[in-house]
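Each chain, letter by letter, is given below.
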There are 2 protein chains.
Amino acid sequence: MGLTFDQFLEQEKQQLDSLLPTFIDHIGEDAPNVLRESMVYSLNAGGKRVRPILLLATLYGYGKPLTIGYEAACAIEMIHTYSLIHDDLPAMDDDDLRRGKPTNHKVFGDAMAILAGDGLLTYSFQLLTSLKISSEIKVKLIERITQAAGPAGMVGGQVADMQGEGRELNADQLQEIHRRKTGELLAVSVEAGAIIAEVSEDEREALRNFALHLGLAFQIKDDILDVEGDESVIGKPVGSDVGNDKNTYPKLLGIEGAKEKLSFHLREAKKYLYKTSMDHTLLVEITDYIGNRSK
Amino acid sequence: MGLTFDQFLEQEKQQLDSLLPTFIDHIGEDAPNVLRESMVYSLNAGGKRVRPILLLATLYGYGKPLTIGYEAACAIEMIHTYSLIHDDLPAMDDDDLRRGKPTNHKVFGDAMAILAGDGLLTYSFQLLTSLKISSEIKVKLIERITQAAGPAGMVGGQVADMQGEGRELNADQLQEIHRRKTGELLAVSVEAGAIIAEVSEDEREALRNFALHLGLAFQIKDDILDVEGDESVIGKPVGSDVGNDKNTYPKLLGIEGAKEKLSFHLREAKKYLYKTSMDHTLLVEITDYIGNRSK
C-alpha cells in the first residue's frame, strides 16, 4: 500500500475530476451540447467527492485495483449531483448558490436543470452496466444503489424532510430522515466498494453500519458548520438553515449536544471499521477528516 | 396461441393496471405515503400502456411466458410516466391536464411532482434487477433502456424539442427529435421483449427498426389528432400544439402530407416485422391500432 491519506485524496480527487466530464463527453452527439454542458457544470462545481472517495478507499483497503471501481464511483457522484440540482430548484429549496457558485437552474434555466438531473440519474445506471466486473456483481450493485437512491432511500428522505419543515421533530425522527436523505447514499458508496471487492456479507454489514454512522456524523457536522462556519469557506450563507425553519441538530440539542452526538457517531463508525478484515487506515482518516472539516 | 388482439389487450392492460400500483406498494414504509400516492396517481392516470403491451406482445410472439416480462414492462411504463410528470411541470410545458385529469403537480405540488418523477425513474431500474432472468440479460436490458431513456435518448430529445420551439425545422430535423424524444423508448420496449426472449441480433435489429417506424407513426398520428381529434376523446384541448408554437407534421407537410407520412411509416414498420421469425399477428394489429386510433 503506502499512500498517505492526503496523497490518496489528492490523487483520486484529481482522477475523478478529470473522469467525470470525460464520461459525459462519451455520451456523444445525440445528447445536445447544452444538456451535456449543464450536466458537466454541476459535476465540476467543486464537490468534495466524498462518496466516490469512500468507494475507492474501500477497494484500496481490500487491496483491489482502483481501476475496476471508477465507473461505479462516478455513477454515485452523478446521482449525488442530480439530487443537488433538483434540490436547488425554485420548486424545492430555491437556492441561488451552491458551493459559492450559481446553481444549475440559475445558469441554464429551470427546465434544463430538471432535464440535466434526469440525464445524470439515468446515465449513472448506464455507467454501472459498463463496469468490468461480472454481471452478477453489476446487478447486485445496481440493486443496492437504486434502493439507496430511490423512494425508500434518498428520494423518500427528501420528501420526509419537506414534510418535517415547520414541524417540531425529535432527535430520532430527524436522524431517520437524515439516514434516508443522505445516509443511505453514503452507506451504499462504501457498500459498493465492498460488493466490487466481493467480500463476505458480514464484512459488508459492518461497513454499512460504519457508513451510516459516518453519514449521520457528516450531517451533524454540516448543521454545526451552518451555525459556526465561515461563510466564505462553506460557500453558502451561515445560518440559512435556521432562517429556513429547518430542523437541525444544534436547534434540537443545542450546539454542545450536537457536538457530543457528532463524537458519538464518529466513535461508533470507527468501532464498526475495526470489525472488518480490511486495511482501514484510509477510512479511519476519512472519518476524522469528516469530523474535523471546516467546510 | 389463440388470443385475439382485443382479448390480449384487455387482459394484459388489466394485468398491468393492477401490477403497477402493487409494485409501488411493495416499496414499503420507508417511502413516505404521499410520495407513493403521487407516484401511483400518475401511474393510474389512464395511460394506454402502449410500451408494456409492446414488450409483452413481443414475448408472446416468440412463445415465451409473459410472467418473465412483467417487471420489465412495468419498469418501462414507470419511465414513461416519470417523463410525463416532469414534462408537465410549470418549468417545462406547464400543462394542467393530462388525459383529462389534473397533472401530478396540480394535485401534489411542484416539489412532490419532481420527486415522484425521480422516484419512478430510480425505482424502475430497481425493478429491472428483480427480473427472473439471468444476470447477463438483466445487464443487457438495463444498458439498452438507460441508453434509450437517457441524455442521448428521451432526455436529449426533450432538450432538442425545447430548442426547436419557435424555430423553423424541416421534416428530417423534426423526425430526428421525435426519434429521441418518443421513438427510442418505444423501440426499446420491443427490444426488451426480444432481449428477454433471447433472440438473435438480426431479429432484434429488425424489431428495433419496426418499432422506430411505429414510434414515428405514433407521433405523426398524435399531431394529426391534435388538429382533427375530438377534445372530449383525446383529453386535452385540440389545437394546443399549434397555439404552443410547436413544430408538428401537419404544420410542416399539411394535413394530407402528414397522413401520407403516417401511412409510409406504418407500411415500413410492418415490412420489418415480416422479416422476423416470430408470430407477428399481435404486433401487426397493434400497428394498425396505433394508425387508426381516435385518441
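- By the naming in an unreviewed UniProt entry, chain A goes by Geranylgeranyl diphosphate synthase type II and is assigned to Evansella vedderi.
- Note on chain A: under the UniProt heading Sequence similarities (unreviewed entry), the record states "Belongs to the FPP/GGPP synthase family."
- Comment text from UniProt for chain A, heading Cofactor (unreviewed entry), reads "Mg(2+)".

Quick notes on the environment of Leu115 of chain A
In step 1: Note on placement: Leu115 of chain A falls in helix H6 (residues 110-129).
In step 2: The exposure class assigned to Leu115 of chain A is buried, which follows from its relative accessible area of 3%.
In step 3: Along the sequence, Leu115 of chain A and Leu212 of chain A sit 97 residues apart, while their C-alpha atoms lie 30 Å from each other.
In step 4: Each residue touching Leu115 of chain A, except ones within four places of it in the same chain, is listed here: Leu35 of chain A together with Met92, Val155, Gln158, Val159 and Met162 of chain B.

Brief notes about the nonpolar core
In step 1: Grouped together as the largest cluster of nonpolar side chains are 168 residues, with contacts concentrated most on Leu141 and Phe210 of chain A together with Leu141 and Phe210 of chain B.
In step 2: Not counting chain neighbours up to four residues away, the residues in contact with Leu141 of chain A comprise Ala72, Leu128, Leu131, Ile133, Ala192, Ile195 and Ile196 of chain A.

A short note on the relation of the copies chain B and chain A
In step 1: If you rotate chain B by 180° and push it 0.0 Å along the axis, it lands on chain A with an RMSD of 0.0 Å. Such a turn and shift between the copies fits a two-fold axis. Minimal C-alpha separation from the rotation axis in chain B is found for Ser135 of chain B, amounting to 2.7 Å.
In step 2: Comparing interface residues between copies, 100% of those in chain B also sit at the interface in chain A, which points to an isologous, same-surface contact.

Describing the packing of helix H13 (residues 249-274) of chain B against helix H14 (residues 281-292) of chain B
All names here are of chain B.
In step 1: Interaxial distance between H13 and H14 falls to 10 Å at its minimum, and their mutual angle equals 175°. Taken as axis vectors, H13 and H14 run roughly antiparallel relative to one another. Listed contacts from H14 to Leu262, Leu266, Ala269, Lys270, Leu273 and Tyr274 of H13 are Leu283, Val284, Thr287, Asp288 and Gly291.

Here we look at the interface of chain B and chain A
In step 1: With 47 residues of chain B at the contact, the number on the chain A side is 47 residues.
In step 2: For the pairing of chain B and chain A, the buried interface totals around 3,900 Å² over both sides, and the portion due to carbon and sulfur atoms is 74%.
In step 3: Of all residues in chain B, Asp30, Thr122 and Pro151 of chain B give up the largest surface area on contact with chain A, accounting jointly for 16% of the area buried on that side.
In step 4: Summed over the shared surface of chain B and chain A, the number is 2 salt bridges.

Regarding the pattern of salt bridges
Residue and element names in this part refer to chain A.
In step 1: Scanning the model with the defined rule gives 40 salt bridges over all chains in all.
In step 2: Lys13 is paired through a salt bridge with Asp17; the nearest N and O atoms lie 3.2 Å apart. Here the residue Lys13 and the residue Asp17 both occupy positions in helix H1 (residues 5-25), the gap between them amounting to 4 residues, near one helical turn.
In step 3: Look at Lys13 and you get partly exposed, because its relative accessible area is 28%.
In step 4: Given the relative accessible area of 28%, Asp17 is considered partly exposed.
In step 5: A salt bridge links Arg49 to Glu77; the shortest N-O distance between them is 3.0 Å. Within this pair, whereas Arg49 is found in the loop between helix H2 (33-43) and helix H3 (50-61), its partner Glu77 is found in helix H4 (residues 70-88), the two being separated by 28 residues in sequence.

A closer look at helix H6 (residues 110-129) of chain B
Counting along an α-helix, one turn takes 3.6 residues, and residues three or four places apart therefore face a common direction.
In step 1: For H6 of chain B, spanning 20 residues, the distance from its first C-alpha to its last is 30 Å, which sits close to the expected 28 Å at 1.5 Å a residue.
In step 2: For H6 of chain B, the tally of buried residues reaches 19 of 20 residues, placing the bulk of the element in the interior.

Observations regarding H14 of chain B
Residues and elements named next belong to chain B.
In step 1: The end-to-end C-alpha separation of H14 is 17 Å, in line with the 16 Å expected for 12 residues at 1.5 Å each.
In step 2: Taken together, the buried positions of H14 are occupied by Leu282, Leu283, Val284, Ile286, Thr287, Ile290 and Gly291.
In step 3: The inward-facing, buried residues of H14 abut helix H1 (5-25), helix H3 (50-61), helix H10 (201-228) and H13.

Conventions and cut-offs
- Residues numbered from 1 in each chain as written.
- Chains lettered and ligands numbered in written order.
- Predicted model: local features only at pLDDT ≥ 70, side-chain atom pairs only at ≥ 80, totals over all residues.
- Heavy atoms only, no water.
- UniProt positions renumbered as here; feature names shortened; annotations may be inferred.
- Helix = DSSP H or I, 4+ residues; strand = E, 2+ residues; numbered from the N terminus.
- Buried < 20%, exposed > 50% of the residue type's maximum accessible area, 1.4 Å probe, protein only.
- Contact = heavy atoms within 4.5 Å.
- Core = buried A, V, L, I, M, F, W, Y, C linked by side-chain atoms within 4.5 Å.
- Least-squares fit on C-alpha atoms with pLDDT ≥ 70 in both.
- Axes fitted to C-alpha atoms, helices over the stretch in contact; angles between N-to-C directions.
- Parallel < 35°, antiparallel > 145°, perpendicular 65-115°, else oblique.
- Buried area = accessible area lost by both parts, 1.4 Å probe.
- Salt bridge = Lys/Arg side-chain N within 4 Å of Asp/Glu carboxyl O.
- Expected span 1.5 Å × (residues − 1).

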